[in-house]
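So the chains spell out like this:
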Number of protein chains: 2
Amino acid sequence: MNGAFKALADPTRRKILQLLAQRDMTAGEIADCFSMAKPSISHHLSTLRAAGLIDDERHGQNILYSLNTTVFQQLMQWFFEISGMESKDSVPEGVNRDEKNE
Amino acid sequence: MNGAFKALADPTRRKILQLLAQRDMTAGEIADCFSMAKPSISHHLSTLRAAGLIDDERHGQNILYSLNTTVFQQLMQWFFEISGMESKDSVPEGVNRDEKNE
DNA sequence: TCAATATTTAGACGATTATCTAACTATCTA
DNA sequence: TAGATAGTTAGATAATCGTCTAAATATTGA
């Protein structure tokens, strides 16, 4: 979770996620959406990948990136719990309801 | 939104939010939950406050901090949209569904 | 008004991060 | 197999971040 939160802290990475929410894209296509050197985008992609937020799959010369929504579900659960919208038994009681997240 | 995402990138700050999700607390009470110098916690609190994630209210010598759930709602909306769970008319179409967030 | 308590502000320092250019690896095609 | 294309890795650098100690501000109560 920590890696995911840190990955989301950068606006370029969030923009990449928004692009991938619309359709899968190759590294080059993603890079073309930014006025930034390709290696910088590549680095952002590897950060997102390490955080579990995206998947990659090689297709010939291209590497196709796609969203991995699994971690997004966990993040949303975290927000629901913070916002006091958790379901009755998902958060029993006590101070350490977060232990597993960090 | 950018400030909120950056504020969430630090584990200490997320822990503070989790504490405040349970009850309002003074700066001192919050600091007592961590093995970190008080000024460091104070700095984290001001970051969270600048991000709109918490509110503060002076009560005599103490300053009472509380969660501000407004920004949390916006963040959750962002996640819903990314995860493709948005409601039909909240996100019309096109590439720039995110324009207002950054 | 003075001392004590609660908290923040200021300034410094080491660690992390975002970006760049240059060089490398992998794949395709002629 | 050589050249072109797609993408990553390496290494450097400037900026940002998290933490600390010391000093300042605000409030209370004697």
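Use the structure listed above.
Residues numbered from 1 in each chain as written. Chains lettered and ligands numbered in written order. Predicted model: local features only at pLDDT ≥ 70, side-chain atom pairs only at ≥ 80, totals over all residues. Heavy atoms only, no water.

Draft legend 1. Quick look at the packing of helix α2 (residues 11-22) of chain B against helix α4 (residues 38-50) of chain B. All names here are of chain B. The contact between α2 and α4 brings their axes to 10 Å, and the two run at 75 degrees. For the element pair α2 / α4, the angle class is roughly perpendicular. For the pair α2 and α4, the contacting residues are Thr-12, Arg-13, Ile-16 and Leu-17 in the first and Ile-41, His-44, Leu-45, Thr-47 and Leu-48 in the second. For the contact of α2 with α4, the residue count by class is five nonpolar, three polar and one charged. (Axes fitted to C-alpha atoms, helices over the stretch in contact; angles between N-to-C directions. Helix = DSSP H or I, 4+ residues; strand = E, 2+ residues; numbered from the N terminus. Parallel < 35°, antiparallel > 145°, perpendicular 65-115°, else oblique. Contact = heavy atoms within 4.5 Å. Nonpolar A, V, L, I, M, F, W, Y, C, P; charged D, E, K, R; others polar.)

Draft legend 2. Focus on the nonpolar core. Leu17(A), Leu53(A), Leu17(B) and Leu53(B) are the most contacted members of the largest nonpolar core, which has 54 residues in total. If we skip the residues at most four places from it in the chain, Leu53(A) touches Ala4(A), Ala7(A), Leu8(A), Leu17(A), Leu48(A), Ser66(A), Leu67(A), Asn68(A), Val71(A), Phe72(A) and Leu75(A). (Core = buried A, V, L, I, M, F, W, Y, C linked by side-chain atoms within 4.5 Å. Buried < 20%, exposed > 50% of the residue type's maximum accessible area, 1.4 Å probe, protein only.)

Draft legend 3. Structural context of the pattern of salt bridges. Inspection of every chain in the model, using the stated rule, returns four salt bridges over all chains. Ionic pairing is found between Arg23(A) and Glu29(A), a salt bridge with its closest N-O pair at 3.6 Å. Residue Glu29(A) is classed as partly exposed on the basis of its relative accessible area of 32%. Here Arg49(B) and Asp56(B) are joined by a salt bridge, their closest N and O atoms 2.7 Å apart. Overall, Arg49(B) belongs to the partly exposed group, its relative accessible area being 41%. Accessibility expressed as a relative area gives 30% for Asp56(B), which makes it partly exposed. (Salt bridge = Lys/Arg side-chain N within 4 Å of Asp/Glu carboxyl O.)

Draft legend 4. Representation of the pairing of strand β2 (residues 54-59) of chain B in the model. Residue and element names in this part refer to chain B. Note: β2 against strand β3 (residues 62-67), six bridges, orientation antiparallel. Within β3, the residue paired with Arg-58 across the bridge is Ile-63. Turn length for the β2-β3 hairpin, with the two strands adjacent in sequence and antiparallel, is two residues, and the turn residue Gly-60 shows positive phi of about 65 degrees. (Pairing = 2+ DSSP bridges.)

Draft legend 5. Spotlight on the packing of aromatic side chains. For the structure shown, the criterion picks out ten aromatic pairs over all chains. Between Phe5(A) and Trp78(A), the ring centres sit 5.0 Å apart and the planes meet at 70 degrees, which makes this aromatic pair edge-to-face. In this pair, Phe5(A) sits in helix α1 (residues 2-8) while Trp78(A) sits in helix α5 (residues 69-82), placing the two residues 73 residues apart along the sequence. For Phe5(A), a relative accessible area of 2% puts it in the buried group. Classification of Trp78(A) by relative accessible area gives buried; the value is 2%. What links up through ring pairs into an aromatic cluster is the set Phe5(A), Phe72(A), Trp78(A), Phe79(A), Phe5(B), Phe72(B), Trp78(B) and Phe79(B). (Phe/Tyr/Trp six-rings, centres within 6.5 Å; stacked < 30°, edge-to-face > 60°.)

Draft legend 6. Local environment of the protein's contact with DNA strand D. Neighbouring DNA strand D are 21 residues; Gly28(A), Ser42(A), Gln61(A), Tyr65(A) and His44(B) lie closest to it. Ala27(A) places a main-chain nitrogen or oxygen 3.2 Å from a phosphate oxygen of DNA strand D. Contacts to DNA strand D include Gln61(A), whose side-chain N or O atom sits 2.7 Å from a base oxygen. Elements supplying a minimum of two residues to the surface near DNA strand D: α3 (27-32), α4 (38-50) and β3 (62-67) of chain A together with α4 of chain B. Of the residues in the surface near DNA strand D, the class split is seven nonpolar, ten polar and four charged. (Near = heavy atom within 4 Å. Polar contact = N/O pair within 3.5 Å; in protein donor to acceptor, adjacent residues only side chain to side chain.)

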